[in-house]
Amino acid sequence: MVAEIKLPPVLEIIRGNIVKHGNPLAMKGTEVAAWANELKLPESGDLLFYTGGEYQLLPFIDSLVNTMTHLDQGSKVFSLMMGARNIINKTGINAEKLYASVLAKDRDRFNSISYKAAIILQKLGYDFCYAGKKELYSGALLSELGFCEDMKSYAVKVAEVLKQSQAKTIVCLSPHAAEVFKFVYPKLIQDFPFEIRTFVELVWERRHRLPAIKSAETVVIHDSCRLARELEIDEQLRDILQSVGVPFLEAKCNRKWTTCCGGPNKLLFPDISHTVASRRVEELEETGADLILTSCPYCLSALQNGQLKEDKTKIEDLIEFLYRGFEA
Amino acid sequence: MADLQKEFNDYTKNLNKASKDENIKKAITRAVKSYRETTAETLNRFPHTPAMADEVREIKTQAIANNSELLKQAMESVERNKGKAFYAKDKQEALEMTAKIIGTGKTIVKGKSMLGEELSLREYLEEKGNEVWETDLGEFILQLNHEKPMHILSPSIHVPREQVAELFTKFFKREVPPDIAQEVAVVRDFLREKYFTADVGISGANVVAADTGAMVIIENEGNVRLSTGAPPVHIVLVGIEKIVPTFQDAMKVAEVTWRYAQYGVPGYVNIISGPSKTGDIEKVTTYGAHGPKEFYVIFVDNGRSDMAKEEEFSEALNCLRCGGCMYECPVFQVTAGHFGHVYMSGIGAVWTAFVAGGLEKAAPLVFTCLRCGRCVERCPMKINVPAMVGNLRERVVCG
């Protein structure tokens, strides 16, 4: 069943960047870790705070997708399958171009999510370390897209950095990172002795210490597929909201039956991804809520892009929402 | 290589176009709502179903593991019942066997069958100089419209009544109004004549009992009853993965299938084990009393035994083809069968890779899947499609 199939260049770019630069967009470690500068977090400790750069990189991924999509209006990405590298060189997609098209306010917002998550955990009494500019992206996309050979060698590099922290537990902000560490790494790395937790779980355990949140908005929860189905975390989100005194609505499809945000095939089928996202936004808006809360960077970005211009609904990450309690 | 590129392009264009098609959107939205409501209601009415589904999963898993034994037994049972049993290792063999039985210049009435789609059976028999009629209303509409099914159970899910009326008016050469009852009635009249003049009836089967050689076919329209009962010859084409050990097993598989396929309680369950016969005159067994005189079963492999050998994929053979997963798939909901190649959606990507076009045809599907996993929540067999799709991606990327 071996077929000669050339992959679309957008996959090649992502793959190459992860392997060579430790994140899908070839950003510098110092940039990805800039959010933590003032926190002066230690590099080692029992609990490792892991961002994987995922929130920070979100606006740049969207920019990449837009660039790729507009390269060929007719047939979108697949027409570029042949000679991927040449085409990339010719059309000159480069980091500078991508960065220039990202709005400062988006960059600041997504950068601040990691910061807010760290503050929340600190306020809840967690002590943790952070690998800073050495932190590498988990490689979830390599695994997701089928780059098994690249993933094998890349995982070794990631595991080395994780081990330098001497941590016993890793807390992941993104369910995608948690999933790949929990289910894929143990198969690839002989010695992968970490307990993998998500931000949501850590908050849930100390939810009674969270300050109450006075929200004028009506909240609805969007369960992320990975969190609800693979990691089986759904009730915890509800418990947390209850703890901070925020009533919430439920979409028809919730918890294990949640509807995907469309994010996963954004790189190859941006149009379909967008339609799927819009439909999920509709499902969530049908509840009458005006604030959609999610707990996954890709859901956050996909749902936002799926909103129509006239949509008044706000979409926030749970991290941003909980941080409001500490700002008040 | 150039062709492959074109294929990817065409696929993507087609998918994007489908996602903007108002008919698809309207039809699927309605279908999903109705599917969820009916299924919830009937699962409530028959609360034993999920436990029975677990039991069926075990029956099917064992049956796939013992497939070659069961195949032998099923073929013997069919022969004992005075039918003729064949094994076709691939598409070409299956088509040639069927054509050999039928010959040329015949009229054929055919029930809905995904295997038929996999084999392009109708097209092949037409090329051999036969007249073939799809008797399932949805398939009949698609036949007239020269289209491929958009869902495995509701093939013409995307065609609204107005379009049907237009199509029928043209075909029947008389005004057919966009009224569903009248549309159904004209096809009923037309096909009724075909059933009783046809030389051959062709059907698939939802499940086969090895011990008795019983073919179980679930339906609502009654077209399978007529297609398999009226003509003098009945040919069953069925995938080898449909065989289970006993008649009792087959009944369980059938019940779980129809419940998740939104039938609730199906209008008809056909059980056919051999040719029609009578001993009423002097106890002399004579074949072809009222039903077919000849009964043929062609068990089709076409990649299924390869799939069974692979640990990561064998579970896909448990698929009952209830179609429930498709209603849950966020991509299918906006594109219908355009997210497919013969077989549709995530599970369809797996089937395409093994039995209906290979990895090249499956590649675009494999990357279209969101791997979101909601299909698994719905699937009575709990087939882990996201894991299989992940595996296929690795094969596409790493060879």
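The structure displayed is predicted, hence computed values, not measured ones.

What counts and what doesn't
Residues numbered from 1 in each chain as written. Chains lettered and ligands numbered in written order. Predicted model: local features only at pLDDT ≥ 70, side-chain atom pairs only at ≥ 80, totals over all residues. Helix = DSSP H or I, 4+ residues; strand = E, 2+ residues; numbered from the N terminus. Contact = placed C-beta atoms within 7 Å. Rg over C-alpha atoms; globule rule 2.2 N^0.38 Å. Buried ≥ 20, exposed ≤ 12 C-beta atoms within 10 Å, placed from the backbone. UniProt positions renumbered as here; feature names shortened; annotations may be inferred. Pairing = 2+ DSSP bridges. Axes fitted to C-alpha atoms, helices over the stretch in contact; angles between N-to-C directions. Domains from an automatic or database assignment. Nonpolar A, V, L, I, M, F, W, Y, C, P; charged D, E, K, R; others polar. Parallel < 35°, antiparallel > 145°, perpendicular 65-115°, else oblique. Left-handed = near helix turned anticlockwise from the far one by under 90°. Expected span 1.5 Å × (residues − 1).

1. Brief notes about the overall build of chain A
Point 1. Of the regular secondary structure elements, chain A holds 15 helices and seven strands.
Point 2. Contacts in chain A between residues at least 24 apart in sequence constitute 81% of all its contacts with a sequence separation of at least 6.

2. Describing the overall build of chain B
Point 1. What chain B contains, in helices and strands, is 19 helices and 14 strands.
Point 2. Against the 2.2 N^0.38 benchmark of 21 Å for 399 residues, chain B shows a C-alpha radius of gyration of 21 Å, consistent with a compact globule.
Point 3. Along the three orthogonal principal directions, the C-alpha set of chain B runs to about 65 × 55 × 50 Å.
Point 4. Expressed as a percentage of its 399 residues, the buried residues of chain B come to 54%.
Point 5. In chain B, once contacts between residues fewer than 6 apart in sequence are set aside, the share between residues at least 24 apart is 73%.

3. Observations regarding the UniProt feature "domain: Cysteine-rich" (unreviewed entry) in chain A
Point 1. Residues annotated by UniProt as "domain: Cysteine-rich" (unreviewed entry) correspond here to residues 219–303 of chain A.
Point 2. Secondary structure within residues 219–303 of chain A divides into 45% helix and 12% strand; the distance between the first and last C-alpha atoms comes to 15 Å.

4. Thoughts on the environment of B:Phe299
Residues and elements named next belong to chain B.
Point 1. Structurally, the position occupied by Phe299 is in strand E12 (residues 294–300).
Point 2. With 24 C-beta atoms counted inside 10 Å, the residue Phe299 sits in the buried group.
Point 3. Separated by 107 residues in the primary sequence, Phe299 and Arg192 place their C-alpha atoms 29 Å from one another.
Point 4. Ignoring any residue separated from it by four or fewer positions in sequence, one finds Phe299 in contact with Leu71, Met75, Ala85, Phe86, Tyr87, Ala88, Val238 and Ile240.

5. Some words on the sheet that holds strand E1 (residues 47–50) of chain A
Residues and elements named next belong to chain A.
Point 1. Spatial ordering of the open sheet is given by E1-E2-E3, a layout of three strands whose pairing is parallel. Of all the strands in the sheet, the pair left with one neighbour each is E1 and strand E3 (195–198). Here the average twist between neighbouring strands, direction ignored, is 25°.
Point 2. By the bridge criterion, four bridges tie strand E2 (residues 169–172) to E3 in an arrangement that is parallel. Bridge pairing links Val171 to Arg197 in E3.
Point 3. Along the sheet face, helix H9 (residues 175–188) touches E1, E2 and E3 and points at about 165° away from the line of E3.

6. Some thoughts on the domain arrangement of chain A
All names here are of chain A.
Point 1. Along its sequence, chain A is organised into domain 1 (9–203) and domain 2 (210–327).
Point 2. Domain 1 puts 26 residues into the contact, and the matching count from domain 2 is 26 residues.
Point 3. Every element with two or more residues in the side of domain 1 that touches domain 2 is listed here: helix H1 (9–21), helix H3 (54–71), helix H6 (104–123), H9 and helix H10 (199–205).
Point 4. Among the residues making up the side of domain 1 that touches domain 2, the classes are represented as 16 nonpolar, four polar and six charged.

7. Some details on the environment of B:Glu22
Residue and element names in this part refer to chain B.
Point 1. Tracing the backbone through its elements, the reader meets Glu22 in helix H2 (residues 22–45).
Point 2. The exposure class assigned to Glu22 is exposed, which follows from the 8 C-beta atoms found within 10 Å.
Point 3. In this structure the C-alpha to C-alpha distance between Glu22 and Pro292, which are 270 residues apart in sequence, comes to 44 Å.

8. Quick notes on the sheet that holds strand E8 (residues 243–244) of chain B
Residues and elements named next belong to chain B.
Point 1. One open sheet holds the four strands; their spatial order is E8-E5-E6-E9, and the pairing between them is mixed. In this open sheet, the two edge strands, each paired with only one partner strand, are E8 and strand E9 (268–272).
Point 2. Here strand E5 (residues 207–209) pairs with strand E6 (residues 214–219) via three bridges, running antiparallel. Paired with Val207 across the two strands is Val216, which belongs to E6.

9. What about the domain arrangement of chain B?
All names here are of chain B.
Point 1. Split by domain assignment, chain B resolves into domain 1 (2–45 + 305–398) and domain 2 (49–302).
Point 2. A C-alpha centroid distance of 23 Å is found between domain 1 and domain 2.
Point 3. Across the boundary between the two partners, domain 1 contributes 30 residues, which contact 32 residues of domain 2.
Point 4. Those elements that provide at least two residues to the side of domain 1 that touches domain 2 are H2, helix H13 (304–309) and helix H14 (324–328).
Point 5. Of the residues that constitute the side of domain 1 that touches domain 2, the class distribution is 18 nonpolar, ten polar and two charged.

10. Some points on the packing of helix H16 (residues 345–355) of chain B against helix H17 (residues 358–368) of chain B
All names here are of chain B.
Point 1. Contact geometry for H16 and H17: axes closest at 7 Å, N-to-C directions at 165°. The pairing of H16 with H17 is recorded here as roughly antiparallel in orientation. The element H16 and its partner H17 pack so that their crossing is left-handed. Where H16 abuts H17, its residues Gly348, Ala349, Thr352 and Ala353 lie against Gly358, Leu359, Lys361, Ala362, Leu365 and Val366.

11. A few points about helix H8 (residues 148–164) of chain A
All names here are of chain A.
Point 1. In a regular helix each residue adds 1.5 Å, so 17 residues correspond to 24 Å; H8 covers 25 Å between its end C-alpha atoms and thus fits that length.
Point 2. Every buried residue of H8 is listed here: Met151, Tyr154, Ala155, Val158, Ala159 and Leu162.
Point 3. Gln166 lies just past H8 and shows a positive phi near 60°.

12. Observations regarding unusual backbone geometry
Residues and elements named next belong to chain B.
Point 1. For Gln262, which is not glycine, the phi dihedral falls at a positive 70°.
Point 2. Among the secondary structure elements, Gln262 is positioned in the loop between helix H12 (247–260) and E9.
Point 3. Here the phi dihedral of Ala336 falls at roughly 50°; this positive angle occurs in a residue that is not glycine.
Point 4. By the element assignment, Ala336 lies in the loop between helix H15 (332–335) and strand E13 (340–341).

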